[in-house]
Amino acid sequence: GLTALGDEGLVRCVVNMPPKRFDSDQTVSFQARAQAQSMPNCQSDSMDVQVTPRPEIAITVAADRAEAKPGDRIGYTLRIENTGLTTIKGLALSNPLPPRCQYASGTEGGSYDEPTDSVIWQLPAIAVGASVSVGWTAELEKDFPLGETTITNLVVAHIDGEEPIESGETATVVLSMPKLSGNLAIEPNHARPGNTVVGTVTFNNIGSATAERVSAIIRLPKGLRAESAANEGRIQRNGRDIRWTWD
């Protein structure tokens, strides 16, 4: 159509930037020109556009143990690989602390950020095909619910101008269970008919949680009966079993 004197015209086009065409940082030049009938000279303009391939990374998180007990430490190793077509710059890594974990230490400049309750890193540039590994150590709380508790951990990468990238999760199972170890001693261990022997049970909680309503039992050989039981032990009706119970 015609554009009257003083009018302004506007045209627009959409151009796709195919990834296969831009496999590295490139500068492309766009040109435009305007002309009209009986117009001796064209009016032209140009603009350069910097095309940078979208950054692509692979994040893996590994724990140094699949099972742990309350109060243990778990070492995490975080590996970031540049799987894209351009050098990655300005990458910040954030590892929110999993529940029931406290920060113990970090490597490669990692530090605890209290406002976000995370371990953070500011990583150097990562070339195409290269990788960077960092790590930190978590200390588990000493009190956990009885049974199994799964602690999961994931990492978030932040690259300037891009959406956050999350890693997959790694899991450690925390076992919180009491475990009693007992030892029976009979003194003397050589006796004659008519002698008296004394039985003692020593036990320890070698598990990872407080043991409640603990009981100890000594069972006498068939034909023998207990005469007495110290420390509030109770001789059962059959006379062969002596039981101690603590709440």
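To be clear, the structure that these remarks concern was listed above.
Everything numeric here is computed off the predicted structure, so don't read it as measured data. (Residues numbered from 1 in each chain as written. Predicted model: local features only at pLDDT ≥ 70, side-chain atom pairs only at ≥ 80, totals over all residues. Heavy atoms only, no water.)

**Student:** I'd like to hear about the pattern of salt bridges, residue by residue, with values.
**Tutor:** Throughout the structure, instances matching the rule amount to seven salt bridges. With a shortest N-O distance of 3.7 Å, Asp 72 and Lys 69 are connected by a salt bridge. Here Asp 72 falls in the buried class, since its relative accessible area comes to 17%. Relative accessible area serves as the criterion here: at 41%, Lys 69 is assigned to the partly exposed category. Between Asp 241 and Arg 219 there is a salt bridge, with its nearest N and O atoms 2.8 Å apart. With Asp 241 in strand E19 (residues 241-246) and Arg 219 in strand E17 (residues 214-219), this pair connects stretches of sequence that are 22 residues apart. Asp 241 sits in the buried class, given a relative accessible area of 10%. By relative accessible area, Arg 219 is classed as exposed at 57%. It is possible to trace a salt-bridge network through shared partners that takes in Arg 65, Lys 69 and Asp 72. (Salt bridge = Lys/Arg side-chain N within 4 Å of Asp/Glu carboxyl O. Buried < 20%, exposed > 50% of the residue type's maximum accessible area, 1.4 Å probe, protein only. Helix = DSSP H or I, 4+ residues; strand = E, 2+ residues; numbered from the N terminus.)

**Student:** Explain the layout of surface pockets to me, using residue names and the numbers behind them.
**Tutor:** There is about 790 Å³ of room inside the largest pocket. Together, 27 residues line the largest pocket, and Val 197, Val 198, Gly 199, Leu 220 and Ser 228 are the ones closest to its centre. Contributions of two or more residues to the lining of the largest pocket are made by strand E15 (180-187), strand E16 (198-205), E17 and E19. Here the lining of the largest pocket gets five residues from one element, more than from any other, and that element is E16. A per-class count over the lining of the largest pocket returns 17 nonpolar, seven polar and three charged. (1 Å grid on protein atoms, 1.4 Å probe; cavity = no way out; pocket = protein on both sides within 12 Å on 5 of 7 lines; lining within 4 Å. Points joined across faces, edges and corners; volume = space filled by probe spheres on them. Nonpolar A, V, L, I, M, F, W, Y, C, P; charged D, E, K, R; others polar.)

**Student:** Hey, could you go over the environment of Leu 146 for me, with residue numbers and the actual values?
**Tutor:** Of note, Leu 146 is situated in the loop between strand E10 (131-140) and strand E11 (147-153). What makes Leu 146 exposed here is its relative accessible area of 58%. Taking the C-alpha atoms as reference, Leu 146 lies 5.8 Å from Met 177; in sequence the two are 31 residues apart. The residues contacting Leu 146, other than those within four sequence positions of it, are Ser 176, Pro 178 and Ala 209. (Contact = heavy atoms within 4.5 Å.)

**Student:** Residues and numbers for the pairing of strand E5 (residues 73-82), please.
**Tutor:** Where strand E3 (residues 57-63) meets E5, seven bridges bridge the pair, whose relative direction is antiparallel. By the bridge assignment, Ile 57 is partnered in E5 with Asn 82. Direction of pairing for E5 relative to E10: antiparallel, over a ladder of nine bridges. For Ile 74, the partnering residue across the bridge sits in E10 and is Ala 138. (Pairing = 2+ DSSP bridges.)

**Student:** Please set out the sheet that holds strand E14 (residues 170-176) residue by residue, giving values where relevant.
**Tutor:** Picture the strands of a sheet paired through backbone hydrogen bonds; they go either parallel or antiparallel. The mixed open sheet is built from three strands, whose spatial order is E4-E14-E11. The open sheet has two edge strands, strand E4 (67-68) and E11, and neither has a second partner. Relative to E14, E4 runs parallel, the two sharing two bridges. Looking across to E14, one finds that Ala 68 is bridged to Val 174.

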